[in-house]
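A look at the structure
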Amino acid sequence: MKKFLAVCGGSLLTVLLAVAVCAEEVKTDYFTFDLPADWKSRKVENQPDGNAAAVVQNTKDGTIVGIRIMQSTGPIKAIATRIVDKMKGKDLEVSEMKQVGESYVVEFTKGPARGVQYFTSNGKHFSVVSILGETDTPGKTLLQENFKPLDPRLFPASY
C-alpha cells in the first residue's frame, strides 16, 4: 500500500508541476504561446479575413506582449514607416527605426511607459510584435522561450 501511495503521489506531483509550468496555451492560425503560470491571455482572435491578434500580460510585473498579423504584400519597411509615423503623431517619443535581420525595430516611450515594436513580413502577411513594460526583458524572455511561430519568416529571428 505504501508503494502504491508513493507511486500515485509522485505521479500527482508530476502532473501538478507540469500544470504550474505551462498554465495556458494561446493559439492562432500563425503561432502558439505556451504561457507560464505568471502570464495570462487578455485577447486572442483569428479573424475570417486571415488577420489574427493576441495580447498576453505578465501578472507579476504588468509587462504586455501583443502580436498582430495582417495581410499585405507591400515592402515591410514602407509598412513599418507608416505605422511609426502614426505613433509619432500620438505624443510618443519614438527612436529611429533600425533594421535587425529581416525585421525593423523601433523603441518608444510615453512618460514612464516604455515599449519596443518589431515589424516583419513573409511576403503575404506582416507581423507587429510589441512589448510594453518597465523593461522589455520579461517579454523578450517569453518570446524566446515560449513562442512557436508556424512560419518563422513572419517573425523576428530573435528578440
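As shown above, the structure is provided for reference.
In what follows, the accompanying structure is described. (Residues numbered from 1 in each chain as written. Predicted model: local features only at pLDDT ≥ 70, side-chain atom pairs only at ≥ 80, totals over all residues. Heavy atoms only, no water.)

Tallying secondary structure elements over the protein chain gives 3 helices and 11 strands in all. In sequence order, the secondary structure elements of the protein chain are arranged as α-β-β-β-β-β-α-β-β-β-β-β-α-β. Classification of the 159 residues of the protein chain by burial places 37% in the buried group. Long-range pairs, those at least 24 residues apart, make up 42% of the contacts in the protein chain with a sequence separation of at least 6. For the protein chain, the accessible area works out to roughly 9,400 Å², and carbon and sulfur atoms hold 57% of it. (Helix = DSSP H or I, 4+ residues; strand = E, 2+ residues; numbered from the N terminus. Buried < 20%, exposed > 50% of the residue type's maximum accessible area, 1.4 Å probe, protein only. Contact = heavy atoms within 4.5 Å. Areas by Shrake-Rupley, 256 points an atom, 1.4 Å probe, with all protein chains shown as cover.)

This paragraph deals with the sheet that holds strand β1 (residues 24-27). The strand order β1-β2-β11 describes an open sheet built from 3 strands, whose pairing is antiparallel. Two strands in the sheet have a free side with no partner beyond their single neighbour: β1 and β11 (147-149). This sheet shows a mean twist of 15 degrees between the axes of neighbouring strands, independent of strand direction. As defined by bridge partners, β1 adjoins strand β2 (residues 31-35) across 4 bridges and the pair is classed as antiparallel. Paired with Val 26 across the two strands is Phe 33, which belongs to β2. Packed on one face of the sheet, helix α3 (residues 137-146) meets β2 and β11 and runs near 110 degrees to β2. (Pairing = 2+ DSSP bridges. Axes fitted to C-alpha atoms, helices over the stretch in contact; angles between N-to-C directions.)

What describes a pair of aromatic rings is the distance from one ring centre to the other and the angle between the planes of the rings. Counted under the stated rule, the structure contains 6 aromatic pairs. Ring centres of Phe 31 and Phe 33 lie 6.0 Å apart, and the angle between their planes is 75 degrees; on these two criteria the pair is classed as edge-to-face. Given a relative accessible area of 0%, Phe 31 falls into the buried group. Phe 33 sits in the buried class, given a relative accessible area of 0%. Plain terms: the ring middles of Phe 31 and Phe 155 are 6.0 Å apart, the flat faces sit at 90 degrees to each other, and that makes the pair edge-to-face. Pair noted here: Phe 31 is in strand β2 and Phe 155 is in the segment after β11, with a separation of 124 residues, a long-range link. In terms of burial, Phe 31 and Phe 155 fall into one category: buried. One aromatic cluster is present, built from ring pairs that chain together Phe 31, Phe 33, Phe 147 and Phe 155. (Phe/Tyr/Trp six-rings, centres within 6.5 Å; stacked < 30°, edge-to-face > 60°.)

Counting across every chain of the model gives 5 salt bridges. A salt bridge links Lys 148 to Asp 34, with the nearest nitrogen and oxygen atoms 2.3 Å apart. Highlighted residues: Lys 148 in strand β11 and Asp 34 in strand β2, separated in sequence by 114 residues. Residue classification places Asp 34 among the buried positions, given a relative accessible area of 16%. By sharing partners, the salt bridges in this structure join Lys 43, Glu 45 and Arg 68 into a single network. (Salt bridge = Lys/Arg side-chain N within 4 Å of Asp/Glu carboxyl O.)

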